[in-house]
Amino acid sequence: MSTASISSCFNKTVREHYMRLPQGDKCQVTYIWIDGTGEGLRNKTRTLDSEPKNIDEIPEWNFDGSSTNQSEGSNSDMYLIPVCMFRDPFTLDPNKLVLCEVLKYNRLPAETNHRMKCKKAMDQVKEHEIWFGIEQEYTLFGSDGRPFGWPKNGFPAPQGPYYCGVGADKAIGRDIVECHYKACLYAGIKIFGTNAEVMPAQWEFQVGPCVGIEIADQLWVARFLLHRICEDFGVIATLDPKPMKGSWNGAGGHTNVSTKQMREEGGLQYIEKAIEKLSKRHAEHIKVYDPHGGQDNLRRLIGHLETSSITEFSAGIANRGASIRVPRQVGQEKKGYFEDRRPAANCDPYLVTEAIVRTCLLDDDQEVKSN
Ligand code: ADP
Ligand code: MN
Ligand code: MN
Ligand code: MN
């Protein structure tokens, strides 16, 4: 059976003593950013003299980009530009978590900073009041490199009883899911819900609906909370879109989308228009739906195990084997939203939502570049 990491075995009661010490007027602020892999998160903490009341009161900072795959050693200082602030569920009020954009020495966005372009696209379509909700699937791994709770040799019983399952033989690692849910609520993440997934030790949480750029900001911070909580329990949450080969489900980042028009009476016609446009740019979307230009999704989008083909676009009502699914209720009410099932679990939501906006609302022929 999987083992927990060494640091998670520290005596947490001893830790509690220090965590309860008063900290005066000072405030701990943890800066969070996306590293040079476009997948990994980094963070470091500093003290401010008082609690910041809004994001403008949090100063820019910097870090050594040569240690995060973000710059050459000879020109290594990178800027951290605070973009949004959350309550810190680990050290509690008044301490903060702050998501940052990364700029290079010349103050242009770092290669893996896709927020600025995304924001620009979102600002151009403000009148559409676009909402996004993203489903984040992930898989828990033990420190032995096997999915958490899986036998060391061999495999658990086949998929079937695990999705939304209950019972010690079906729900593996629920402590993490419940702690993450509470931490999200405390921090101010618009978490929509959670459920156990089809593969044992695989789970999902959803964020949204959020307007425009907020979905990606929130999802990145929700991912940070997940990784940080897993640290306390000594397990690892991987966002790999196909952590286990064979008849085991992969992990996606289903992206649900609606505009004001789609949500209003008769909105289905606008959903159909968007799907028509998406059908013409399938390959371009696949390129930015995982951090490796489609290579990760090649392992996941195989046309079965609730996925569509990576090479062919498809859409359908209530069809979980299609690229785009229109939920049954939306088909019945003739208004609502659609679900793009193609993004991988390790996608960058800035790239995914930008691509959707450009294709569906900006009629942008310009290729959505991965950097
Ligand atoms: P599924 O049936 O695909 O598993 P979930 O219940 O896991 O769906 O997730 C539904 C997602 O859809 C949530 O993230 C929610 O925020 C989002 N959502 C709900 N209504 C809308 C809407 N009108 N526009 C965009 N997203 C929406
Ligand atoms: Mn879901
Ligand atoms: Mn799911
Ligand atoms: Mn879904």
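Residues numbered from 1 in each chain as written. Chains lettered and ligands numbered in written order. Predicted model: local features only at pLDDT ≥ 70, side-chain atom pairs only at ≥ 80, totals over all residues. Heavy atoms only, no water.

**Considering the overall build of the chain**
Part 1: Within the chain one finds 10 helices and 13 strands.
Part 2: Scored against the burial criterion, the 371 residues of the chain give a buried share of 51%.
Part 3: By element, 52% of the accessible surface of the chain is carried by carbon and sulfur atoms, the whole surface being about 17,100 Å².
Part 4: The centroid of the 45 positive side-chain charges in the chain is displaced by 2 Å from the centroid of its 50 negative side-chain charges. (Helix = DSSP H or I, 4+ residues; strand = E, 2+ residues; numbered from the N terminus. Buried < 20%, exposed > 50% of the residue type's maximum accessible area, 1.4 Å probe, protein only. Areas by Shrake-Rupley, 256 points an atom, 1.4 Å probe, with all protein chains shown as cover. Lys, Arg positive; Asp, Glu negative; His and termini not counted. Charge placed at Lys NZ, Arg CZ, Asp CG, Glu CD.)

**Here we look at the side chain of N346**
Part 1: Note on placement: N346 falls in the loop between β13 (338-340) and α10 (349-360).
Part 2: At 3.1 Å, the side chain of N346 and the side chain of E39 are in polar contact.
Part 3: Beyond its immediate sequence surroundings of up to four residues, N346 is in contact with E39, R223, L239, P241, D290, P291 and D296. (Polar contact = N/O pair within 3.5 Å; in protein donor to acceptor, adjacent residues only side chain to side chain. Contact = heavy atoms within 4.5 Å.)

**What to know about α10**
Part 1: For α10, spanning 12 residues, the distance from its first C-alpha to its last is 16 Å, which sits close to the expected 16 Å at 1.5 Å a residue.
Part 2: Of all 12 residues in α10, 12 are buried, a share of seventy percent or more.
Part 3: For α10, the full list of buried residues reads P349, Y350, L351, V352, T353, E354, A355, I356, V357, R358, T359 and C360.
Part 4: With a side-chain oxygen positioned 2.8 Å from the backbone nitrogen of Y350, the residue opening α10 is D348. (Expected span 1.5 Å × (residues − 1).)

**Observations regarding the coordination of the manganese ion (ligand 2)**
Part 1: Taken together, E135 (OE) and E204 (OE) make up the full set of protein donors to the manganese ion (ligand 2), lying 2.1 to 2.3 Å away.
Part 2: For the pair the manganese ion (ligand 2) and the manganese ion (ligand 3), the metal-to-metal distance amounts to 3.6 Å, and E204 bridges them. Of this pair, E135 sits in strand β6 (residues 131-141) while E204 sits in strand β8 (residues 202-211), and the two are 69 residues apart along the sequence. Side by side, E135 and E204 carry an identical accessibility label, which is buried. (Donors = N, O, S within 2.8 Å, 3.2 Å for Na, K, Ca; no water.)

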